[in-house]
Amino acid sequence: MGDRLPEPTRVNPSPAVAASSDAEAIEVLETEDVLPMSTEDHWKTLFDQFDPENTGYISTEKFRNLLQSHGSELDPHKLEVLLALADNNSDGKICYQDFVNLMSNKRSNSFRQAILQGNRRLCSKALLEETGLSLSQRLIRHVAYETLPREIDRKWYYDSYTCCPPPWFMIAITIVEVAFFLYNGVVLDRFVLQVTHPLYLKNSLLYHPQLRAQAWRYLTYIFMHAGIEHLGLNVVLQLLVGVPLEMVHGAARIGFVYIAGVVAGSLAVSVADMTAPVVGSSGGVYALISAHLANIVMNWSGMKCQFKLLRMALALICMSFEFGRAVWLRFYPSAYPPCPHPSFVAHLGGVAVGITLGVVILRNYEQRLQDQSLWWIFVSMYMVFVLFAIFWNIFAYSLLDLKLPPPP
């Protein structure tokens, strides 16, 4: 920190002079500040030391020398990203905003493209080859390889993840689902195929076509399950897939995909299987799994999770088994005629959400979704479907003169 290089000359803000200033030396800061400071003001002060004319840019040579002087104070993977940024800028300049984005763990689309399209290949060993990691570090690395297709994203996540907050959404929703199932099991004195109990439909949480005006039922039906076989598979799938995804993408995004799948599932039933009730969290679970599997297929060469073909096959087998069980139950003689058993169409609604909204979210780790045109297209499609389903529920049942089962 105390060594001094020759004093820098003033940089002309024009691109030609900035590009030719790569050979200029820089002066190491005399303060005790280090590169990864806590506020943007400090970073601005640091950057201004090398941009005395406030152009918003410094030469790549000055930037590289700055990194060499302070590199030991940075996470090695973050240093890699900064060096890749420096090497990618053929115009000889580094933008202050890109610098701030990285140091504040915010990556814009332009910054990400600067990295991904850079000429520099990451020369250090892959994250998977690093040794001497603690158990928690190995877990974080495992999650990174399970969910992210790009090595630079995996390293970024590995350096940035703090488990604060923890993946609370998937855990909390699972605990609530299990608690309601156990309560219903005690009340009905039945845990296997609860749905066949004559009093099952009297619960105020499940969706019933005669009670479709009670809007909360389009969401709360996820707390009712057909039986322990239904609940068990849903819980296992949503924990194995949902928790790692939430660790990477956060509760807000994964919760959005899950809830969107749940609502789409019940609305799909109200449109396509109009006489049937709905129970179970399969809409949300299938949204998450479909998004994850589609992301793996679309980034097959980049995904480095072990035995990915075998695991995809097992996931598809589990999903097919659960879907087949739902189809069988739907057409099995009802325990409360004339109302049929719960519909299987909610599964398909969840899949539709997963391969549209879910894929966009999983493919844009740490990126602003509002900058993605595809995001707005799929959000618009989802909103159009929701509005269509609402009007369908208001008018179609009476216009079609459909005979619905009596209210429970």
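Residues numbered from 1 in each chain as written. Predicted model: local features only at pLDDT ≥ 70, side-chain atom pairs only at ≥ 80, totals over all residues. Heavy atoms only, no water.

*Asks:* Help me out: how do you make sense of the packing of helix α9 (residues 168-188) against helix α12 (residues 251-272) in this one?
*Replies:* The packing of two helices is summarised by the inter-axis angle and the distance between the axes. Where α9 meets α12, the closest approach of the two axes is 9 Å, and the angle between their N-to-C directions is 40 degrees. The orientation of α9 with respect to α12, classified from their angle, is oblique. Packed against α9, whose contacting residues are Trp168, Phe169, Met170, Ile173 and Glu177, the element α12 presents Ala251, Ile254, Gly255, Tyr258 and Ile259 at the interface. For the contact of α9 with α12, the residue count by class is 8 nonpolar, 1 polar and 1 charged. (Axes fitted to C-alpha atoms, helices over the stretch in contact; angles between N-to-C directions. Helix = DSSP H or I, 4+ residues; strand = E, 2+ residues; numbered from the N terminus. Parallel < 35°, antiparallel > 145°, perpendicular 65-115°, else oblique. Contact = heavy atoms within 4.5 Å. Nonpolar A, V, L, I, M, F, W, Y, C, P; charged D, E, K, R; others polar.)

*Asks:* I would appreciate a short explanation of the pattern of salt bridges in the present structure.
*Replies:* Pairing of side chains with opposite charge becomes possible as their charged atoms draw close. A full pass over the atoms with the stated rule returns 5 salt bridges. Linking Arg154 and Glu151 is a salt bridge whose minimum nitrogen-to-oxygen distance equals 2.9 Å. You can see Arg154 and its partner Glu151 sitting in helix α8 (residues 151-160), 3 residues apart, about one turn around the helix. Each member of the pair, Arg154 as well as Glu151, is classed as buried. Of the charged contacts, one joins Glu322 and Arg325 as a salt bridge, the two residues approaching to 3.1 Å between their closest N and O atoms. Of the two residues, Glu322 and Arg325 both sit in helix α14 (residues 308-331), 3 residues apart, roughly one turn of that helix. Side by side, Glu322 and Arg325 carry an identical accessibility label, which is buried. (Salt bridge = Lys/Arg side-chain N within 4 Å of Asp/Glu carboxyl O. Buried < 20%, exposed > 50% of the residue type's maximum accessible area, 1.4 Å probe, protein only.)

*Asks:* Could you clarify how one ought to interpret a nonpolar patch on the surface in this entry?
*Replies:* Residues Leu387, Ile390, Phe391, Ile394, Phe395 and Leu399 make up a contiguous nonpolar surface patch of roughly 640 Å² in combined accessible area. Note on placement: Ile390 falls in helix α16 (residues 373-399). Judged by its relative accessible area of 40%, Ile390 falls in the partly exposed class. (Patch = residues over 30% accessible without salt bridge, like charges linked within 9 Å, V, L, I, M, F, W, Y side chains within 5 Å. Areas by Shrake-Rupley, 256 points an atom, 1.4 Å probe, with all protein chains shown as cover.)

*Asks:* Explain α9 here, please?
*Replies:* Residues lying three or four places apart along an α-helix face the same way, a consequence of the helix completing one turn every 3.6 residues. When the terminal C-alpha atoms of α9 are compared, their 30 Å separation across 21 residues agrees well with the 30 Å that a helix rising 1.5 Å per residue should span. Burial in α9 covers these residues: Phe169, Met170, Ile173, Thr174, Glu177, Phe181, Asn184, Gly185 and Leu188. Buried positions in α9, seen along its axis, are confined to an arc of 130 degrees and lie on one side of it. Looking at α9, the residues exposed on the side facing more than 90 degrees away from the buried face are Ile175, Tyr183, Val186 and Val187. (Expected span 1.5 Å × (residues − 1). Arc of directions from axis to C-beta.)

*Asks:* Hey, could you run me through the packing of α9 against helix α11 (residues 228-249) in this one?
*Replies:* With their axes 9 Å apart at the nearest point, α9 and α11 run at an angle of 170 degrees to one another. Regarding the angle of α9 to α11, the classification is roughly antiparallel. On α11, the residues that touch Trp168, Phe169, Met170, Ile171, Ile173, Thr174, Glu177, Val178 and Phe181 of α9 are Ile228, Leu231, Val235, Gln238, Leu239, Gly242, Val243 and Glu246. Class assignment of the residues belonging to the contact of α9 with α11 gives a composition of 12 nonpolar, 3 polar and 2 charged.

*Asks:* How should unusual backbone geometry be read in this particular structure?
*Replies:* Negative phi values dominate among residues other than glycine, just as trans dominates among peptide bonds. Note the cis peptide between Cys164 and Pro165, where omega equals 5 degrees. Within the fold, Pro165 resides in the loop between α8 and α9. Note that the residue after Pro337, namely Pro338, is joined by a cis bond; omega there is 5 degrees. The topology assignment puts Pro338 in the loop between α14 and α15 (345-363). Phi at Cys163 is positive, roughly 60 degrees, even though this residue is not glycine. With respect to the element layout, Cys163 can be found in the loop between α8 and α9.

*Asks:* Could you clarify how one ought to interpret the side chain of Ser270 in this entry?
*Replies:* Of note, Ser270 is situated in helix α12. Since its relative accessible area comes to 0%, Ser270 is described here as buried. Not counting residues within four places of it along the chain, the set of residues in contact with Ser270 comprises Tyr207, Tyr218, Trp392, Asn393 and Tyr397.

Geometry only, nothing functional implied.
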